[in-house]
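Here is how the chains run, residue by residue.
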Amino acid sequence: MKADRFDCIVAGAGHAGAEAAWAASRLGAKTLLITLSRGTIAKMSCNPAVGGLAKGQIVREIDALGGLMGRAIDATGIQFRLLNRSKGPAVQSPRAQADKYKYADYIGNRLAAADNLTIVENIVADIIATDGAVCGVACKDGAVFHAPAVVIATGTFLRGLMHMGEVQWEGGRLDEPASNELSGSLKRLGLKLGRLKTGTPPRLDAATVDFDKTQVQYGDEEAMPFSFMTDRIDRQQVPCWITWTNEKIHKLLRDNLHRAPMYTGQIQAAGARYCPSIETKIVRFADKDRHQVFLEPEDEAVTTIYCNGISTSCPKDVQERMIAMLPGTENARIVHYAYAIEYDYVPAIQLRASLETRAVAGLYLAGQINGTSGYEEAAGQGLIAGVNAARKLNGADPLVLGRDQAYIGVLIDDLRTRRIDEPYRMFTSRAEYRLALRSDNADRRLTPIGRSVGLVDDLRAQRFGRKLADIERLTAYLKSNRRYGKSLWQLLKQPNSNLPNDLADDEAVKGLAVGPDVIAAACIDAKYEGYLVRQRRQIAAFRNLENIKLPCDLDYNKIGHLRFEAK
């Protein structure tokens, strides 16, 4: 086989591209990963964190299927927290700060050592297709690579335009060039493009921050791993800190809105509604006299600080004055100034459920190119695109996760069926079956699927099998042993029951030699048994409707009672 011929090509090595290349190569496809630089693989260009509300569920789903992200954050995380701990398990989500340099190194090293995977540094400029099917890519330097499956995961690089006050320049990320030619190639292939915007806050030299003026925020005493393959995380965690904006900062921003690209018409694209810039916050929430700012370390040595909460595209001098007015950062040195970026994306209504484009067979899109925001959403799409690119080569049916199976399924379904006019962000509220799509049961939902497609290796499969057996043994014990006239299983259903906390010290349970994850799983199964039975009925009814096949040539415009949006 010639060196320029592959089974699958992945363009872009961010979080989507990394998972796509990992998945395709693991399934036996001879894969080529093309990236601007090996040093930017899985780069955390924005928040140095993984997980969060609903996003944490996605990371655990990626891990359960055999992806990389969960193990990477477990190996390189510097602070771990379970969000919504006081609420029900359906909305509890793990989150971790990462050492962003070690995280990128971990992913890069795993990809470099992967079988069937070649990494080259280049920029894809053109997608080559013949008779409606992809057959390769051409790079900016003239190199041509051939493959019957191509995954495009370009992040914010498509005609990326950076903004900092009145200054604008072409770029896909800080100090990295934009990909200008590929947008034209996608258009020539018949795909429609749109425009979106995102942004970042300033980064500070941690040595110049006065943390005594801020509120310290520690991680959980017992860190919860993301990966089902991680037994425990026992290294020392690094704190974050909280500070607040004030009226002086708000006045400064209001007085300079005429220099803010979002308000001068310089930026035309829509930004993420749920992650607004600080100038948008002071306009949209004019009644608020302060906004929370999280000072988050970007590495274990705490050399730089990410100012989560004050994303902005204001000019440098306004950023400097804002930082000087923020408690704790009055004398802080800005290492990287904040900026906004506009970029092209491909509305995902043009994709199949497999993430293959309808216009070109064998061409898959994953990540921010589909209109999403966040590393986790990108990684989930990348894994699915990589799996399906490899499966198409073998003539296998694509892997499509339903809304009842995974947050990844909800994400892809939403992208394909709802008109996305701003960067999409996952929330637990988007999942109608969220009680069944918890972070704790991602392995029970998806590891069998990962095994069936070939992503889950023997070691993970054996570990999963032992866990299932342990849950069955513990469940049998809880149902067969009684206390106060009721089975332990029934007692677990009672509100405010102390039994879940007591089980770890129960001598009989100790004799079963089951882990805390098994005890937690059994307790949740018991407590929500009735609700889960009801939800399973709803899911069955939903599946019956979803499995009805409609003719490809059905003209929805002739169906009078459908709303315009539905058509």
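Each remark here, short or long, concerns the structure printed above.
Residues numbered from 1 in each chain as written. Predicted model: local features only at pLDDT ≥ 70, side-chain atom pairs only at ≥ 80, totals over all residues. Heavy atoms only, no water.

### So, the overall build of the protein chain
Short version of the rule: Secondary structure elements are defined from DSSP: runs of H or I of at least 4 residues count as helices, runs of E of at least 2 residues count as strands, and each element is numbered from the N terminus. To get the radius of gyration, use the C-alpha atoms; to get the globule rule, take the number of residues to the power 0.38 and multiply by 2.2 Å. Relative accessibility decides the category of a residue: with a 1.4 Å probe and only protein chains considered, values under 20% of the type maximum give buried, values over 50% give exposed, and everything between is partly exposed.
Along its length, the protein chain carries 18 helices and 23 strands. Relative to the 2.2 N^0.38 estimate, which gives 24 Å for 567 residues, the radius of gyration of the protein chain is 24 Å and therefore close to what a compact globule would have. With the C-alpha coordinates of the protein chain rotated into their principal frame, the extents come out at 75 × 65 × 55 Å. By residue count, 55% of the 567 residues in the protein chain fall in the buried class.

### Here's the deal with helix H4 (residues 100–112)
Selection rule: Expected helix span is taken as 1.5 Å per residue step, with the number of steps being one fewer than the number of residues. Contacts were defined at the residue level, with two residues in contact if any of their heavy atoms lie within 4.5 Å.
For H4, built from 13 residues, the straight-helix expectation of 18 Å at 1.5 Å per residue is met to within 8% by its first-to-last C-alpha distance of 18 Å. If you check which residues of H4 are buried, you get Lys-100, Tyr-103, Ala-104, Tyr-106, Ile-107, Gly-108 and Leu-111. The secondary structure elements touched by the buried residues of H4 are helix H1 (15–26), strand S2 (31–35), strand S3 (49–51), helix H3 (69–76), strand S5 (93–98) and strand S6 (117–121).

### Focus on the pattern of salt bridges
Note the cut-off: By definition, a salt bridge exists where a carboxyl oxygen of Asp or Glu is found within 4 Å of a side-chain nitrogen of Lys or Arg.
Overall, the coordinates contain 41 salt bridges when judged by the stated rule. When the shortest N-O distance is used, the salt bridge between Glu-176 and Lys-43 registers 2.9 Å. Placement of Glu-176 in the loop between strand S12 (167–170) and helix H5 (181–188) and of Lys-43 in the loop between S2 and S3 is noted, with a sequence separation of 133 residues between them. Glu-176 sits in the buried class, given a relative accessible area of 9%. Judged by its relative accessible area of 29%, Lys-43 is partly exposed. The salt bridge involving Arg-254 is made with Glu-247; its shortest N-O contact spans 3.6 Å. You can call Arg-254 partly exposed: its relative accessible area is 39%.

### Quick word on the packing of aromatic side chains
Condition: Centres within 6.5 Å are what make two rings of Phe, Tyr or Trp a pair, Trp counting through its six-membered ring; a difference in plane orientation under 30 degrees is then read as stacked, over 60 as edge-to-face, and the rest as tilted. Here, a charge over a ring is recorded when the distance from Lys NZ or Arg CZ to the ring centre is within 6 Å and its angle to the ring normal is within 35 degrees.
Inspection of the entire model under this criterion finds four aromatic pairs. Note that Arg-290 overlies the ring of Trp-244, its terminal NZ or CZ placed 3.6 Å from the centroid. When the ring centre of Trp-489 is taken as origin, the NZ or CZ atom of Lys-479, which lies over that ring, is 4.8 Å away.

### Overview of the sheet that holds S3
Convention followed: One requirement defines pairing of two strands: DSSP has to find at least two bridges between them. Under this scheme, a helix contributes an axis fitted over its contacting stretch, all axes are lines through C-alpha atoms, and angles between N-to-C directions fall in the 0 to 180 degree range.
Spatial ordering of the open sheet is given by S3-S5-S4, a layout of three strands whose pairing is antiparallel. Sheet topology places S3 and strand S4 (77–83) at the edges, where each strand pairs with a single neighbour. Sheet twist, expressed as the average angle between the axes of neighbouring strands with direction ignored, equals 15°. Across the sheet, helix H2 (residues 55–65) touches S3 and S5, and the angle it forms with S3 is around 80°. The strands touched by H3 are S3, S4 and S5; relative to S4, the strand with the most contacts, the crossing angle is about 115°.

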